[in-house]
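Coordinates in review
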Amino acid sequence: MNIILSELYQFILFIGVFILIFYVSEITARKKWNIVRRPEAEEVNSLHKWGKRILGIILFFNFVFFPSGIKNAVIIMVIFLFNACMQWKAGEKEYIVTLLGHVIFIIFITLGYMLHIFSD
């Protein structure tokens, strides 16, 4: 029982640290490059809206029918990159924050597997 609790505490601490890192880096990037916060659900055009929906459906089906941590992480990365690309094409600076989140997510997943936090 103690092993399960220590692993759970390690997992919660790991996630908490990365949430804090993302929050601080997002605030810093927004101040440095004068990026105005916009609603996350706001799409720049209809291609962006339908692309996010289709990628979300693919992610859902992959979670349900083909549970694989690496495949799911790759799909989430594709969603991050799609959002950043569409924001960049629309001339918004929000893509900087999206790419920053993408980099932090990659580090999060990589360290999680290297430290055996996500592995069985």
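Below you will find a few notes about this structure. Not measured: the values here are computed from a predicted model.

Relative to the helices and strands, K49 is located in helix α2 (residues 46-65). Separated by 34 residues in sequence, K49 and N83 place their C-alpha atoms 9.7 Å apart.

Let us look at the environment of H116. Mapped onto the elements, H116 comes out in the segment after α4 (94-114). Take H116: its relative accessible area is 59%, and that puts it in the exposed class. A C-alpha to C-alpha distance of 26 Å links H116 and F61, two positions 55 residues apart in sequence.

What follows covers a nonpolar patch on the surface. The grouping of I57, F60, F61, F63, V64, F65 and F66 at the surface amounts to a nonpolar patch, some 740 Å² of accessible area in total. Residue placement: F65 occurs in helix α2.

A separate point is the environment of I3. With respect to the helices, strands and loops of the structure, I3 is situated in helix α1 (residues 2-32). The class for I3 is exposed, based on a relative accessible area of 61%. On a C-alpha basis, the gap between I3 and G51 in space is 42 Å, while along the polypeptide they are 48 residues apart.

Definitions and cut-offs
- Residues numbered from 1 in each chain as written.
- Predicted model: local features only at pLDDT ≥ 70, side-chain atom pairs only at ≥ 80, totals over all residues.
- Heavy atoms only, no water.
- Helix = DSSP H or I, 4+ residues; strand = E, 2+ residues; numbered from the N terminus.
- Buried < 20%, exposed > 50% of the residue type's maximum accessible area, 1.4 Å probe, protein only.
- Patch = residues over 30% accessible without salt bridge, like charges linked within 9 Å, V, L, I, M, F, W, Y side chains within 5 Å.
- Areas by Shrake-Rupley, 256 points an atom, 1.4 Å probe, with all protein chains shown as cover.
- Salt bridge = Lys/Arg side-chain N within 4 Å of Asp/Glu carboxyl O.

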